[in-house]
Structures are given as structure tokens and as C-alpha cells.
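Structure at a glance
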Amino acid sequence: LQEHASTAKSCSWSPLLIREHQLTCTAPPLLPLLEAKPRPATLFNVGTPELMKEYGERYEPPKAYDLPASWEEPKQCFTEFCLYSNPDVDEGMSLLTTNRYAYLVATSPVPKSAGIESTAYRAAEVPGKGVGLIANRLIRKGEIIMQRPAALLIQSTPHLDLDPELREEVYQSAIDQLPAATKARFMSQMGDTVYDRTEKNAFRIYLDGDRKHSTHLGLFPEVSKINHDCRPNLHYRIANLTHTTVAVRDIPAGEELSVSYIYGKSSRSDRQSQLHEWGFNCTCSQCTLPARESGASDVRIRQIQALEEEIEALMSSSSSSVDTSNKGIRPEMGGKLVELFLAERLDAYLAPSYTRAALIYSMFGHEARAREYAGEAVGALEREVGLQARDIESMRRLAENPKAHWSWAVKVTSRGPGGGKNKTQGVAK
Ligand SMILES: C[S@@+](CC[C@H](N)C(=O)[O-])C[C@H]1O[C@@H](n2cnc3c(N)ncnc32)[C@H](O)[C@@H]1O
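Rules of the game
Residues numbered from 1 in each chain as written. Predicted model: local features only at pLDDT ≥ 70, side-chain atom pairs only at ≥ 80, totals over all residues. Heavy atoms only, no water. Pairing = 2+ DSSP bridges. Helix = DSSP H or I, 4+ residues; strand = E, 2+ residues; numbered from the N terminus. Axes fitted to C-alpha atoms, helices over the stretch in contact; angles between N-to-C directions. Contact = heavy atoms within 4.5 Å. Buried < 20%, exposed > 50% of the residue type's maximum accessible area, 1.4 Å probe, protein only. Salt bridge = Lys/Arg side-chain N within 4 Å of Asp/Glu carboxyl O.

This part covers the sheet that holds strand β12 (residues 234-239). On the basis of which strands lie adjacent, the open sheet formed by three strands has the order β7-β13-β12 and antiparallel pairing. In this open sheet, the two strands that pair with only one neighbour each are β7 (144-149) and β12. Ignoring strand direction, the axes of neighbouring strands in this sheet form an average angle of 15 degrees. Bridging between β7 and strand β13 (residues 242-247) involves five bridges; their strand directions are antiparallel. If you follow Gln-147 over to β13, its bridge partner there is Thr-244. Taken strand by strand, helix α12 (residues 367-384) contacts β12 and β13, and its axis lies near 60 degrees from that of β12.

In C-alpha cells form, the structure reads like this:
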């Protein structure tokens, strides 16, 4: 169970919870629409054998999991959902979920709040966006702005199904269990009611792999002050029920901190229509570009998409066997991809491009470029995935000694930069 929690997937802000099929985010493949199948009108009956069968999920009869003693006994229950709370988990945590998921959360390691000093940024009104966070000092690329555990987790079924009046009451009880300062932060989020605040500010989290029933809304009230920009200066990730924001470029004092609520690698009209789902017209730096620049940006986005597809197709068609021909991959493809990402200011999503570029240059025996891009890949992976990123070690080794890396010169031919070495080395696994 703990493993599931630590690998829990996450998506962007929650309003799209009910429209999952339209979501594009940095998380792995999306689930089909939660509401695609008709639901009985009765509340709180998800979890019955019949409904789980309809969802194609295994029914597990309710089981009593004893939560650690630090967790208070559930205050209110509605069929299988109860309100659990623990004021001592970091700055307090409340859950509206099943006994099983409450146990999963209560027994998972949750990192403590961390990040740069809170005086490094301030909350202020930003024209057209409500409140936002503004840098008070130069924030360096790679600095962790905030690492915050969830203050509130709500299983998606009661969120979607509960009668509005009862739901407001239940949510109010959930935040009443939180310490006063955390409750005040929750209430300072954008929204008119407690439900509305949840709807406008939550992140979607899967506590148990891709199981639909495991979808929860995670509330991180401090993080919720960060507005959206299609070309954000922060990257965010959620792991171990904790939200982490990292600077992806140097941010001068006075600049607004931003994350992207969507995956920004799409055309302006696509981005705008995705953001309409959140109920606002995006007024970010990229969406307000003059038509000419915006058109040029859309062209670059199409070039990126085409190049990524081409590289992917060529790599997968030639990676399975010993390959001494170029099969269409050209060394400059990797560099071009990175160049386009940088021109588009997509600094929050550089890791895959740097990694691809480093590998391609290494495959063609370009030592200096392989080192350079692998070094950049290490930094980008740390920022975007964290120190536990799977590819970091491989990129580190490539940056240190390309010639000892499995990818080295596997594509050098008699005509290639190996100068007639006619390399026939295979791809080591
Ligand atoms: C998670 S909240 C961000 C903090 C919010 N501005 C506040 O005052 O608490 C998301 C809301 O902020 C506003 N917002 C965020 N980014 C925006 C943008 N790029 N353009 C316009 N409005 C934005 C929208 O109203 C959106 O629903």
C-alpha cells in the first residue's frame, strides 16, 4: 500500500475531475471519463459489489484497518466514507475517504513542509488573475519553493455525488478539524463556499495506481496562491502526498511565480480551451502575445510535436537490434529539439528533450555534445522528477564518461564521425 502511495499519480487542478477524458497533464495515461457509465442516483453507494463490477474493478468487502493512535477516531461516517483527522501530521491533515484509504494515508511516510524562506515571496493582487505570489528576491533555478503535504484529501465519489447541502456541511467539518492557521489558509483560497474552494484549488491524486475508486482531491492551500502561466517559471510534482514546486529558471525579484495548470506544449487555442474548463480566460505571458508572435509560437509547437514523433518512431524502429546504419536519425535532431523547447520557454519540461539529445549525440559518437546535454539532463531531471528520477544515474554516467556508456557510438558507421571505425557495438540493456 505504501508503495502505491509513493508512486501515486497526480494531475492538475481539480475542476477537470469530472471531465477526465479532456485532461492533458504531465501524469501518465489518463483514465476514461469517471462518469462515462450511468450511476444510480443514490448517494454513497460506490463500493457496492454491483457498482465496482460495472466499473470493471475488483470489489473488496469493507475491512477494518486500525489507524495509528495519532489519528483521531472518525468523527462522521456516511456509508463507507468517514472523516479522519490528525492535527499533528505536519500542519494538520483531514481526510474524507474510506477506511482503507485512510489507513493507506495514515501509514504512509509524509515529508515535512520545507522550501525556501517564506519571506522570499509575497502574496499580492495581480491584474486579471486575483491574488498571486511575487518573488521578493532573486530565486535561483533549482531552488525548492515549497514542499507541502496535503492539508485535506477527499475521495472523488463523495465530491461528485454528495447532495450539495450535506457536502458543504461535511467539508466544513473536515476543515474544522484542522489547526486554526491551516484552516485560515484553506479559507483564504479563491472560492465562495468550502466546496467551491475545493473545486477551484484541488489537485487530483490517485492513491492506488490507476484505480478509479482511488481518485482523491488533494488540497495544498499555500500552493493554491500560485497562478497559471503557459510558460511557467516553476515546475510542480506530487509524490508521497506532498506537493513540491521547483524554480525552472532564475526568477528576478518582482516577477510573479507561476505553474502550468495544463501541459503547455500545445497551441494557443488548445491551451485556451483547456483553461476555459477551469472557468477563466488565461491572461498569461504567452496567451497575451501579439498575433504574430503567437502564430510563430504555434508553428514551433507543431515543429516540436513532429520532431518528437519522428525521433520516437526512428528510435523504436532501430533500438532492438545491433544497428550500424543511421536509419534516418540525424545527430542534430536532439539539439534541434532542445533549441525549440528553449525558444518556446518550456523550461518546465526540458528533461525528456535533454535526455533524448544526450543519447542521440552519444549514439553518433559526439563526445562534447553528449556530455553537455547529459549534464543538462541531470539538472532537469532533478528539478522535474526529483533526485529519485530513474534516468539520473544513467545521464550522470554519460556526462562523466560517454565512451563507457551503453549508447556510445552505436550508430557510428564507416561514414560516421568515428572516422571509419565501422562500429558494430550493440545496445547494452
Ligand atoms: C488556484 S487559484 C490561484 C490563486 C488565485 N488567483 C487567488 O486569488 O487565490 C486559480 C484561479 O486563479 C485565477 N487565475 C490563475 N491563473 C490565471 C491566469 N493565467 N489568467 C487568469 N486568471 C488566472 C483564476 O481565477 C483561477 O480559477
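What follows concerns the pairing of strand β3 (residues 81-86). The buried count for β3 comes to six of six residues, which makes it a mostly enclosed element. With two bridges joining them, strand β2 (residues 77-78) and β3 adopt antiparallel strand pairing. Counted as the bridge partner of Cys-77 is Cys-82 from β3. Counted between consecutive antiparallel strands, the loop separating β2 from β3 contains two residues, among which Thr-79 sits at a positive phi close to 40 degrees. Bridging between β3 and strand β4 (residues 93-98) involves six bridges; their strand directions are antiparallel. Bridge assignment links Ser-85 to a residue of β4, and that residue is Ser-94. Where β3 folds back onto β4 in an antiparallel hairpin, the turn is made up of six residues, including Asp-90, whose phi is positive at roughly 45 degrees.

Here the focus is the pattern of salt bridges. By the definition in use, this model includes 23 salt bridges. With a shortest N-O distance of 2.5 Å, Lys-265 and Glu-308 are connected by a salt bridge. Placement of Lys-265 in the loop between β14 (258-259) and α8 (268-276) and of Glu-308 in helix α9 (residues 291-318) is noted, with a sequence separation of 43 residues between them. A relative accessible area of 13% places Lys-265 in the buried class. For Arg-300, the salt bridge identified is with Glu-344, shortest N-O distance 2.9 Å. Pair noted here: Arg-300 is in helix α9 and Glu-344 is in the loop between α10 (332-343) and α11 (351-363), with a separation of 44 residues, a long-range link.

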